[in-house]
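Each chain, written out:
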Amino acid sequence: MMRRIIDKIGNTWYGISRGGAELSGGAPHIRDSVDIKRYMFSVILALLPALIHAGFVFGSRVYLMLLISYLSGGLVELLFAVYRKQPVEEGFLVSGLVYTLSLPASLPLPITALGVIFGTFFGKELFGGTGRNVFNPALVGRMFITLSFPSSFAEAYDALSGATPLSAWGDGQLYSMGELLFAGAPGAVGEVSRILLLFGGLWLCLSRVADWKIPLSYLVSFYLLSLLHSLFAPGLLPPPLYSLASGGLIFGAFFMATDPVTSPECGSSRIFYGISCALFTLLFRAYSSYPEGVMFAVVLSNALAPLFDQLVYALRYPLSRELDT
Amino acid sequence: MYWKHCAFSGGYRFTGFANQPEPRFLPWPGESPDPAKRDRVIDEVLEGLDARIRDSREILIYSIESGPFPRPLEVDFPDGGVRIENALNTLKNRYPRHPIRLLLGKRRRRAFSRLFPGGLPREGIDYLSIDDRYPAHLPELFRGVCGLKPEGDLWDGLLSLDELTALCGERDLRWVSIALCGQGFLDNAYVKAPIGASLGSGIAHYLKEGGWRIVAGDPICGEPVTDLSLAVSPGLRCLLALEEGPREESFPWAHPGGERDSWFRLLFSSLRPGKKLMKTNLRGEERACFSCGACIAACPVSLVPKLLYRLALKEGSREELKRFRIDDCISCNLCTYLCPAKIDLASEIAKARGRNLR
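What you see is a predicted model, and the numbers here were worked out from it, not measured in a lab.

The subject of this paragraph is the overall build of chain A. Secondary structure summary: chain A contains 15 helices and one strand in total. Rg of the C-alpha trace for chain A: 21 Å, near the compact-globule value of 20 Å for 325 residues, within the 12% margin. By principal-axis analysis of the C-alpha atoms, chain A measures approximately 65 × 60 × 35 Å. Taken across its 325 residues, chain A has 55% of its residues classed as buried. About 13,800 Å² of surface is accessible on chain A, with carbon and sulfur atoms providing 70% of the total. Charged side chains in chain A number 20 positive and 20 negative. The centres of these two groups are separated by 7 Å.

Structure follows, in structure tokens:
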């Protein structure tokens, strides 16, 4: 068993460090230079500035949390790879990073590890591994520890240098847009660098790694829905622009909702998906006991993603009686 | 050795050989063909073309530069547009009842303006224009622009510029100029090959030692040439010798990619048009589809290749495949070319389409 695990670690490193041994079987004789490794690596690159900035704000504990996430998530991946006799895939490097950036910096390390283990096990591996999961594993893990350890989360958020933008609004205070975007407003590890997340997200969209339709429909429809909501039920939500720049909305729109595996396949269904994320975020923020709703909204929309695809296929390719003849 | 080409929508577009502003021709070092055999091939080609045009109701001549290796017009028409103009006049006289339309890609329209400084020949010819986005050069795709149907005699009236000049006696059909492209050739230039001669007898002279994949046509849709003893045919215009062999690379995913091209704009190659490296390497390993949507976004006929692939794998019913318009696939191979999971979607779809037709 130990030998198989060591072999697997060796194979994983070999898979990451070497490549290009396989040849195309026929036409097309050449292939695009991007593979899944480069695709995943680009998401990590896009998040790297926000991670480095978070390191300056919260100290080296952020990197320790990331290490714990990688080790715990990697261990679950490794055990499943040994069991399935398949190579370890590098998806856990992205979900581990997204997961860490969604946590408050002073969350106890055992809870951090538990969340990522739960997320990788129940959110990904039980469905068959990368490419087959229905829910975003980072969000499944984050949701599990949010619901299981509410007091630890409350303590972790209390330990911040000030109130988070959404709870500050509840207390009758507002941060300026400058503070929200340029790291003045406290929050989870990744939330303090919204401008860097915005740049990283835009780069992902421009490079076609993330589909721009998802963040655009998410953010625009959230803004419009908040505007509409404030007309009918004023006082339940902060001003629309403030809502847009607070909490994990930017992070969620660019890095959580755009996960290709758990979002719909078609361009038009991705617009419905973005609107669904926005609607659920608004409902959670306005009517639940959780001030932040992005995580729940994205996971719920993940469940609806196949439905959006089916809807678009049904409209685009209607069933015809002629086909039976 | 490199050759110049610029990126098109997900692949390559050949624009000429590096450091060769004027096309350069190499001598044919191989055997001369048997004249009787050669004349028979030429007669067959001409008879086939004539029969097709006679049976058609209209003629559509097309010239589009969207393929990965369209040849510069100056290679085939070094003396300007005289021969094209003569060919068009001959065609009008020979088939007076056939309406003639000329479909030009935007780049070809500019090239035509160079060939005809006094203006394009207009009398009795309708001009149509099309965007040179890959794979616009495939007749299955431009039929929509011209209102052609895939079945019926309208389909017979298609003529490429090569076929037009051959049919009207404006091209010497005893020879064909073949572009030798790729790292496998000692020199990247054109070779004037006699029709009917054994391909290997001349090409082998310019081929480097080692394992090369010889491809006739372009790197996306071209046919591999496994037998070099085949005769040179009039349709052979480009030969590629691509690097073959399992040569591993260190951290291939982390390379900045100045010499590699991609549909994803992650690489710096788009900032550096021109020199690009082509290998038969998959540049990654085959994985499970992770629904990136690249195949859907790039499909030129708005299909959902990953859905068709899924149906093809589980041998979906004929009705199901038809519902998702499998018959509209034009086999441009773009989905397979740019799939980051390196899945061969196009060939599975083609197999399923074959089963569906039977």
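Now that the structure has been shown, the text picks up again.
Moving on, we come to the overall build of chain B. The number of helices and strands found in chain B is twelve helices and 14 strands. Burial status across chain B gives 56% buried among its 358 residues. Partitioning the contacts of chain B with sequence separation of at least 6, the portion at a separation of at least 24 is 72%. Total accessible area on chain B is roughly 15,500 Å²; 50% of this is exposed by carbon and sulfur atoms.

A:Leu47, A:Tyr218, A:Phe255 and A:Val298 are the most contacted members of the largest nonpolar core, which totals 116 residues. Look past the residues within four positions of A:Phe255 in its chain and what remains in contact with it is A:Val43, A:Ala46, A:Leu47, A:Val98, A:Leu197, A:Gly200, A:Gly201 and A:Leu204. Counting 26 residues, the second largest nonpolar core, distinct from the first, contains B:Ile53, B:Tyr95, B:Ile100 and B:Leu115.

Chain B puts 66 residues into the contact, and the matching count from chain A is 51 residues. Between chain B and chain A the total buried area reaches about 5,700 Å² when both faces are included, carbon and sulfur atoms providing 55% of it. Linking chain B with chain A are four salt bridges. A salt bridge links A:Glu265 to B:Arg310, with the shortest nitrogen-to-oxygen separation between them at 3.0 Å. Linking chain B with chain A are 18 residue pairs in polar contact (both at pLDDT 80 or more). Mapped by element, the contributors of at least two residues to the side of chain B that touches chain A are β10 (212-216), β11 (223-224), β13 (249-250), α9 (305-313), α10 (318-323) and α11 (334-338) of chain B.

In this section: a nonpolar patch on the surface. All names here are of chain A. A surface patch of nonpolar side chains, about 730 Å² in accessible area, is lined by Met177, Trp212, Leu216, Val220, Tyr223, Leu224, Leu227 and Leu241. Per element, the largest residue contribution to the nonpolar patch is five residues, and it comes from helix α11 (residues 213-232). For Leu216, a relative accessible area of 48% puts it in the partly exposed group.

Here the focus is the pattern of salt bridges. Considering all chains together, one arrives at 21 salt bridges over all chains under this definition. For the salt bridge of A:Arg285 with A:Glu292, the shortest nitrogen-to-oxygen distance reads 2.8 Å. Look at A:Glu292 and you get partly exposed, because its relative accessible area is 23%. Close ionic contact of B:Arg54 with B:Asp50 constitutes a salt bridge, the shortest N to O distance being 3.1 Å. Taken as a pair, B:Arg54 and B:Asp50 lie in helix α1 (residues 35-55) at a separation of four residues, close to a single helical turn. Look at the salt bridges and you will find they share partners, linking A:Lys37, A:Glu90, B:Glu285 and B:Arg287 into a network.

So, about the pairing of strand β4 (residues 59-63) of chain B. All names here are of chain B. The element β4 is extensively covered by neighbouring structure, given that five of its five residues are classed as buried. Where β4 and strand β5 (residues 100-105) come together, five bridges link them in parallel fashion. By the bridge assignment, Tyr62 is partnered in β5 with Leu103. With three bridges connecting them, β4 and strand β7 (residues 158-160) associate as parallel partners. Each residue of the ladder has a partner; that of Ile61, found in β7, is Leu159.

The next subject is the sheet that holds β4(B). The pairing of strands in a sheet comes from backbone hydrogen bonds and takes either a parallel or an antiparallel form. All names here are of chain B. The four strands lie next to each other as β6-β5-β4-β7, forming an open sheet whose pairing is parallel. The strands lining the two open edges of the sheet, one partner per strand, are β6 (125-130) and β7. The sheet shows a mean angle of 25° between the axes of neighbouring strands, direction not considered. Helix α4 (residues 106-115) contacts β4, β5 and β6 of the sheet and is inclined by roughly 105° relative to β5.

All names here are of chain B. In terms of strand pairing, β10 meets strand β12 (residues 238-243) through five bridges, oriented antiparallel. The residue bridging Ile214 from the neighbouring strand is Ala241, located in β12. In this structure, β10 lies alongside β11, joined through two bridges in antiparallel fashion. Counted as the bridge partner of Val215 is Pro224 from β11. A loop of six residues connects β10 with β11, the two strands running antiparallel in sequence, and Gly217 in this loop sits at a positive phi of about 105°.

This part is about the packing of aromatic side chains. Residues and elements named next belong to chain A. All told, the structure shown has 16 aromatic pairs over all chains when counted by the stated rule. Centre to centre, the rings of Phe118 and Phe122 are 4.6 Å apart; their planes meet at 35°, and the pair counts as tilted. With a gap of four residues between them, Phe118 and Phe122 both fall in helix α5 (residues 109-124), about one helical turn apart. Taking 5.2 Å as the distance between ring centres and 50° as the angle between the ring planes, the aromatic pair formed by Tyr290 and Phe296 counts as tilted. Aromatic ring contacts, followed pair by pair, group Phe80, Phe118, Phe121, Phe122 and Phe144 into a single cluster.

Helix length check: helix α14 (residues 267-287) of chain A, at 21 residues, gives a terminal C-alpha distance of 30 Å against a target of 30 Å (1.5 Å per residue), a fit within 8%. Along α14(A), the residues that are buried comprise A:Ser269, A:Arg270, A:Tyr273, A:Gly274, A:Ser276, A:Cys277, A:Ala278, A:Thr281, A:Leu282, A:Arg285 and A:Ala286.

Residues and elements named next belong to chain B. If you trace the six strands from one edge of the open sheet to the other, you get β3-β9-β8-β12-β10-β11, paired in mixed fashion. Every other strand in the sheet has two partners, leaving β3 (25-26) and β11 as the edge strands with one partner each. As paired elements, strand β8 (residues 175-181) and β12 share three bridges and run parallel to each other. When the bridges of β12 are listed, Leu180 appears paired with Leu239.

Conventions we followed
Residues numbered from 1 in each chain as written. Chains lettered and ligands numbered in written order. Predicted model: local features only at pLDDT ≥ 70, side-chain atom pairs only at ≥ 80, totals over all residues. Heavy atoms only, no water. Helix = DSSP H or I, 4+ residues; strand = E, 2+ residues; numbered from the N terminus. Rg over C-alpha atoms; globule rule 2.2 N^0.38 Å. Buried < 20%, exposed > 50% of the residue type's maximum accessible area, 1.4 Å probe, protein only. Areas by Shrake-Rupley, 256 points an atom, 1.4 Å probe, with all protein chains shown as cover. Lys, Arg positive; Asp, Glu negative; His and termini not counted. Charge placed at Lys NZ, Arg CZ, Asp CG, Glu CD. Contact = heavy atoms within 4.5 Å. Core = buried A, V, L, I, M, F, W, Y, C linked by side-chain atoms within 4.5 Å. Buried area = accessible area lost by both parts, 1.4 Å probe. Salt bridge = Lys/Arg side-chain N within 4 Å of Asp/Glu carboxyl O. Polar contact = N/O pair within 3.5 Å; in protein donor to acceptor, adjacent residues only side chain to side chain. Patch = residues over 30% accessible without salt bridge, like charges linked within 9 Å, V, L, I, M, F, W, Y side chains within 5 Å. Pairing = 2+ DSSP bridges. Axes fitted to C-alpha atoms, helices over the stretch in contact; angles between N-to-C directions. Phe/Tyr/Trp six-rings, centres within 6.5 Å; stacked < 30°, edge-to-face > 60°. Expected span 1.5 Å × (residues − 1).

These figures come from the coordinates and say nothing about function on their own.
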